[in-house]
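Structural characterization, general
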Amino acid sequence: MSARYGADIEGEANGREEAESVVTASGVAKTYDSVLPFRRSVDVLENATLEVDRGEVVGIMGENGSGKSTLMQILAGVLDHDDGDVDRAGTVGWCPQEPRLYDRLTVDETFRLFGRAYGMDDDEIADARDWLVDVLDFERFRDRRVDRLSGGNRRKLTLSVSLMHDPDVLLLDEPYTGFDWETFLAFWDLTAELRERGVGVAVISHIISERDRFDVIYELHEGHLHRQEVGEDETVDSDPTADGASCERTAAFFDRGGSAATDGGDAPEQGVSR
């Protein structure tokens with residue numbers, strides 16, 4: 001394994017300390033207009049403000065339909081926002097909620113395709129592939145076509161190609177949906193390694209019991225983001241991060257604490273309440 005993947009963790013972290021923030025969103029707004037006449041438009045995000053620092057793991061939580069995936073796509077730069085500013089410092093890795101893979105390619109061919117798109121050479125692609133199939137335990141499926149993979153292994157491959165180019169920030173939309181318990185734990189071990197290397201990680205999650213794994217949690221409710229630093233204050237300010245709108249739901253959301261998941265969340269098979 002090359003120093004790029006796992007061996008020179010301290011050196012990479014030190015090289016990334018110059019700029020603290022890797023993604024900043026300020027006053028972001030997004031409205032979806034109805035394609036049908038006489039139907040109301042939907043305001044998904046209003047004055048949403050968020051920051052992901054290097055070496056920080058950020059959780060983004062909220063009910064189904066609250067706009068979490070819309071926010072993540074805007075942060076990744078694949079969806080335009082209507083107002084506000086989004087700044088990115090460095091390279092971005094994005095793991096979307098739905099796999100965006102080519103069914104007729106094998107796992108190995110998928111790594112080569114994405115690696116070349118990232119501008120990686122053959123040795124870098126091989127190093128990244130070998131590291132990720134080992135960490136996420138799907139090495140035996142390297143010659144299998146994507147359309148013949150299980151849902152969990154498709155998810156592993158989607159996660160792998162989103163981070164194989166060693167991004168400065170990794171944006172993950174419910175990355176562990178379909179994972180078994182062992183892979184779920186491996187995912188968090190991998191996240192801890194990325195944090196040590198100075199990578200900023202933002203994760204959309206429904207699993208509130210995992211809140212202690214995050215440095216900061218944002219809850220998205222009624223278009224507004226509400227911020228809490230985990231471990232410092234067990235309460236959360238009901239005011240959004242960027243304006244004075246009241247939101248009593250936010251405190252109740254965190255008060256449920258470490259035993260419940262929000263509506264519609266997919267939890268691993270063991271150890272996490274549904």
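Note that the structure is a prediction, hence the values are computed from the model and not measured. (Residues numbered from 1 in each chain as written. Predicted model: local features only at pLDDT ≥ 70, side-chain atom pairs only at ≥ 80, totals over all residues. Heavy atoms only, no water.)

Let's talk about the sheet that holds strand β2 (residues 42-53)
If you trace the three strands from one edge of the open sheet to the other, you get β2-β1-β4, paired in antiparallel fashion. Since the sheet does not close on itself, it has two edges, and those belong to β2 and β4 (83-88), each with one partner. Strand-to-strand twist of the sheet, defined as the mean angle between neighbouring strand axes without regard to direction, takes the value 15°. (Pairing = 2+ DSSP bridges. Helix = DSSP H or I, 4+ residues; strand = E, 2+ residues; numbered from the N terminus. Axes fitted to C-alpha atoms, helices over the stretch in contact; angles between N-to-C directions.)

Focus: the pattern of salt bridges
Applying the stated criterion across every chain, the model contains 13 salt bridges. Between R145 and D147 there is a salt bridge, and its shortest N-O distance comes to 2.5 Å. The exposure class assigned to R145 is partly exposed, which follows from its relative accessible area of 28%. Among the residues examined, D147 registers a relative accessible area of 32% and is labelled partly exposed. Members of the salt-bridge network, linked through shared partners, are D108, R129, D130, E139 and R142. (Salt bridge = Lys/Arg side-chain N within 4 Å of Asp/Glu carboxyl O. Buried < 20%, exposed > 50% of the residue type's maximum accessible area, 1.4 Å probe, protein only.)

Quick word on the nonpolar core
Counting residues in each nonpolar core, the largest one holds 39 residues, and the members touching the most others are F111 and L157. Secondary structure elements with two or more residues in this core: β3 (57-61), α4 (107-117), α5 (122-135), α6 (151-163), β6 (169-173), α7 (181-196) and β7 (200-204). Residue contributions to this core peak at six residues, all from α7. Residues in contact with F111, not counting those within four places in the same chain, are I125, R129, L132, V133, F138, L157, S160, V161 and M164. Within the second largest apolar cluster, 27 residues are counted, among which are V86, L171, I204 and Y218. (Core = buried A, V, L, I, M, F, W, Y, C linked by side-chain atoms within 4.5 Å. Contact = heavy atoms within 4.5 Å.)

Things to note about the side chain of K156
With respect to the helices and strands, K156 occurs in helix α6. Non-local contacts of K156, meaning those with residues more than four positions away in its chain, are made with L136, D137, F138, F179 and T183.

Details of unusual backbone geometry
For D137, which is not a glycine, the phi torsion comes out positive at approximately 60°. Summarising the element assignment, D137 is placed in the loop between α5 and α6. The exposure class assigned to D137 is partly exposed, which follows from its relative accessible area of 46%. Located in the positive-phi region is D166, a residue other than glycine, with phi close to 60°. Counting through the fold element by element, D166 comes out in the loop between α6 and β6.

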